Amino acid sequence: MSDILTHLAGMGDKLSAHVLLAAAALALGIITALPLAVWASRSPPVSRIALGFASLVQTIPALALLALFFPVLLSLRSVFGEGLPTLGFLPALLALALYALLPILRNAVTAREHMAGGVLEAADGVGMTRWQKLRLVEAPLAAPYIMAGIRTAAVWTIGAATLSTTIGQPSLGDPIFAGLQTQNWALVLAGCIASAGLAMVADALLGAVERGFARRKRWLVWSGIALALAGVAAAGIAQRPTTGDTIVIGAKNFSEQYILARLIGQRLESAGYSVEYRDGLGSAVVHQALTSGGIDISVDYTGTLWTNQLGRSDNPGREAMYDELVRWERESTGTLVLGQLGFENAYALAMREDRAAALGIETLGDLARAAPRLTIGGDVEFFERPEWIAVRSAYGLDFDRQRNFTSTFLYDALTGGEADVISAYTSDGRVAADRLRIIEDTKGAFPSYDALVLISPDAAKDARLVAALEPLVGAISVEAMREANLSVDRLEDKRSPAQAARTLADKIGF
Amino acid sequence: MDQPASPTPTGPHLRFENVSRSFAGVVAVAATDCAIAQGSFVALVGASGSGKSTLLKMVNRLGDPDQGRVIFEGRDVRDAPPAALRRRLGYVFQGVGLFPHMTVAENIGIGPRLAGKRASAERIAELLELVELEPEYAVRMPHELSGGQRQRIGVARALAGNPHLLLMDEPFGALDPVTRDGLGKRVRLLHERLGLTTIMVTHDMAEALLLADRVLVMDGGRIVADEPPQALLAGAGGDIAQGLVAVPREQAAALARLDAAR
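Residues numbered from 1 in each chain as written. Chains lettered and ligands numbered in written order. Predicted model: local features only at pLDDT ≥ 70, side-chain atom pairs only at ≥ 80, totals over all residues. Heavy atoms only, no water.

A. Expanded view of unusual backbone geometry. Residues and elements named next belong to chain B. One non-glycine residue, Glu 73, lies in positive phi territory at about 50 degrees. Mapped onto the elements of the fold, Glu 73 is located in the loop between strand E4 (67–72) and strand E5 (75–76). For Glu 132, which is not glycine, the phi torsion reads 60 degrees and is therefore positive. Structurally, Glu 132 can be placed in the loop between helix H5 (121–130) and helix H6 (147–159). (Helix = DSSP H or I, 4+ residues; strand = E, 2+ residues; numbered from the N terminus.)

Right, here's the structure in full:
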């Protein structure tokens, strides 16, 4: 309980970012939906098309809608220039505003459809122009219904805004996603409580406005609006404008990435930089974000870049792969590959030691023979990755079932018997702690996954920054990394990624 | 209140010239000519779908004719924007049509407000008095009033702009018989006192005979009879008009027999 309170107290920044994002999205939704509703009320085809579109948007999962804005904005750069942000606030704002559209639009159109015909004829009959009719009759009569739609939209937007973490926009989703990855349930709960509390407060204030419209009590309308705006203004003041020389460090959605981001951030802070983190980014998003300037520094892996960015499926060997990557990044994206951190986080297939022994499985070739009776579990992207496809065809792996788990639950799935084989990471501390056997890749079908520090083209021009990070090259052994990962992932005596990063720094002698 | 110089009917005030209108191929008003003198109280009577409301709405342009034109005070009603025209005309709606979110005073004062001249409290009180309501009603909301009170507010609203012409579209249709009778008489008195020209659409021949000084009977989009009440009662106007007159006459006769049999 006190854990949750501590987390809540430290969440001011995320809360204010969340408030500003949700408020901006709601405002954009309102100023789009209202003129559209007026137009729709005057033209049945417009009404059908607008409501159809808004309903269609609503059927897209919020997470996918947020992610889809990344390629959309990327393609729009040909129109608006390279300065167009593709991650962070802008795509989150656009996706959430689209999401807010439907309830507002639908309520406004429905209110207009159900307005008594006699009243509308009376408005014409007493000599109102179209504008007067809208302002004096249609708007005030529809206001309570529109307000109810805005209320619904506000609650949805505040909830869905937690997902904007995945596209690099700070929000109350940060603690939820980070907590989920590191099995820190107090952190998850604190994020949920803050988000739900915010939704309830917004709902209550907008509800007061709605009642004010319905009962024609102006003071209620204005006090509801004033309090809501005061909340947004307070969030705006609390959000310090980030200065231009803040270094943004990106991290993918697993513990090792959180820890390494903190390790890099702590070094930069002691060198005098101010640092921000974008945690929980998708694997493909991270590299795009880095090359487009959305983030300044990331940690990636040779095999991942090899297949995803270079589109290669061959395996020229560890050093050749690294050299080729450095050259490719320099020439095609301008990104600086600072160097290898010293350990590998390779994909591997793992089984419980006792189960592997019972089935007599040591190599992937052994596994291929037993596979038709076994279930394989992978993280959400594993079965789509070229590495898996390469390994599968190299050994002719054909499992009875394949199941997806978030990487947090992958090891639990194995120990709990939900899966017989899982996709594991060689630097994961749980491999040793859970007594797992890494099945040997005798054919070298999995490429190597040396951890690399990448620096964006802009940040690479800063010699002091590069110098501050250079000591990290070759400094982290796989044992040190496993220990740090385990300290965050284990269920008892958990460390936060920042604590684990400090311990790791001590261990490697900084 | 504007008082016309002469209370006696003079030359044509309103003229329909060969007006027609159809809805999706169905003729609502067919090539109709009609002149209405200033100061007259004209009732438009007919069954549902006879075209009486369609004809009335051509005057304030809630539905323009497909052909022909409507001349009011010497000018085609289409010469001015509809909103400006409507502010010069009084219009009482079928089913009242008060704005539910406005007070009685705001409803009555809406016409002057649209024209940019807010009605004073004295003016609202004066209009309320015309329809025999206390000034205290000004602050009430429409849902707090009875049906008869609401329609009286509707009449007061129609009169707020000092119109010369009052159009009423089945104004008393939704009221109980007692309220209906009282409000009909009140409107007739206002018509005389303010020197209005009044056109009232109704499906009730008894109401038309008792209130109007000229009854137009419509059927199938045409005016099939145009007679003063006395002439209709004397048998003029043709079969359709006589069919409509027969209903109240037979009711009156039946009531007289009941009375005699006491």
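B. Examining empty space enclosed by the protein more closely. Residues and elements named next belong to chain A. The full count for this structure, using the stated rule, is one cavity of 30 Å³ or more. The computed volume of the largest cavity comes to approximately 120 Å³. Looking at the largest cavity, it is lined by 14 residues, and the ones nearest its centre are Phe 254, Ser 255, Asp 428, Arg 430 and Asp 489. At the level of secondary structure, the elements contributing two or more residues to the lining of the largest cavity comprise helix H11 (255–270), helix H18 (407–415) and helix H21 (478–489). Counting residues per element, the lining of the largest cavity draws most heavily on H18, which supplies three residues. Of the residues in the lining of the largest cavity, the class split is three nonpolar, seven polar and four charged. (1 Å grid on protein atoms, 1.4 Å probe; cavity = no way out; pocket = protein on both sides within 12 Å on 5 of 7 lines; lining within 4 Å. Points joined across faces, edges and corners; volume = space filled by probe spheres on them. Nonpolar A, V, L, I, M, F, W, Y, C, P; charged D, E, K, R; others polar.)

C. Looking closely at the environment of B:Ala241. Residues and elements named next belong to chain B. In this fold, Ala 241 is placed in helix H10 (residues 238–260). A relative accessible area of 0% means that Ala 241 is categorised as buried. In this structure Ala 241 touches Met 205, Val 217, Ala 225 and Leu 232, once residues within four positions along its chain are discounted. (Buried < 20%, exposed > 50% of the residue type's maximum accessible area, 1.4 Å probe, protein only. Contact = heavy atoms within 4.5 Å.)

D. Molecular detail of the domain arrangement of chain B. All names here are of chain B. Splitting chain B by domain gives domain 1 (8–89 + 166–229) and domain 2 (98–162). Taking only C-alpha atoms, the centre of domain 1 and the centre of domain 2 are 23 Å apart. Contacts between domain 1 and domain 2 engage 13 residues on the former and 13 residues on the latter. Counting each side, the surface lost to burial between domain 1 and domain 2 is near 1100 Å², with a carbon and sulfur contribution of 71%. Summed over the three residues of domain 1 that lose the most area to domain 2, namely Arg 87, Arg 186 and Leu 190, the buried surface amounts to 45% of that side. Scanning the region where domain 1 abuts domain 2 turns up one salt bridge. The salt bridge involving Glu 132 is made with Arg 186; its shortest N-O contact spans 3.3 Å. There are three residue pairs in polar contact (both at pLDDT 80 or more) connecting domain 1 and domain 2. Among the residues forming the side of domain 1 that touches domain 2, the class breakdown is nine nonpolar, one polar and three charged. (Domains from an automatic or database assignment. Buried area = accessible area lost by both parts, 1.4 Å probe. Salt bridge = Lys/Arg side-chain N within 4 Å of Asp/Glu carboxyl O. Polar contact = N/O pair within 3.5 Å; in protein donor to acceptor, adjacent residues only side chain to side chain.)

E. Geometry of the sheet that holds strand E3 (residues 41–45) of chain B. Residue and element names in this part refer to chain B. Taken in spatial order, the six strands line up as E6-E7-E8-E3-E9-E10 in an open sheet, and their pairing is mixed. Sheet topology places strand E6 (90–92) and strand E10 (222–227) at the edges, where each strand pairs with a single neighbour. Strand-to-strand twist across the sheet, computed as the mean angle between neighbouring axes with direction ignored, equals 15 degrees. Sheet analysis places E6 next to strand E7 (residues 165–169), joined by three bridges and oriented parallel. Its bridge partner being in E7, Gly 90 is matched across the sheet by Leu 166. (Pairing = 2+ DSSP bridges. Axes fitted to C-alpha atoms, helices over the stretch in contact; angles between N-to-C directions.)

F. How the structure looks around the packing of helix H2 (residues 12–42) of chain A against helix H3 (residues 44–59) of chain A. Residues and elements named next belong to chain A. Contact geometry of H2 with H3 gives a least axis separation of 5 Å together with a crossing angle of 135 degrees. For the element pair H2 / H3, the angle class is oblique. Judged by the sense of rotation from one axis to the other, the crossing of H2 with H3 is left-handed. Together, Leu 36, Trp 39, Ala 40 and Arg 42 of H2 and Pro 44, Val 46, Ser 47 and Ala 50 of H3 make up the contact between the two elements. Residue composition of the contact of H2 with H3, by class: six nonpolar, one polar and one charged. (Parallel < 35°, antiparallel > 145°, perpendicular 65-115°, else oblique. Left-handed = near helix turned anticlockwise from the far one by under 90°.)

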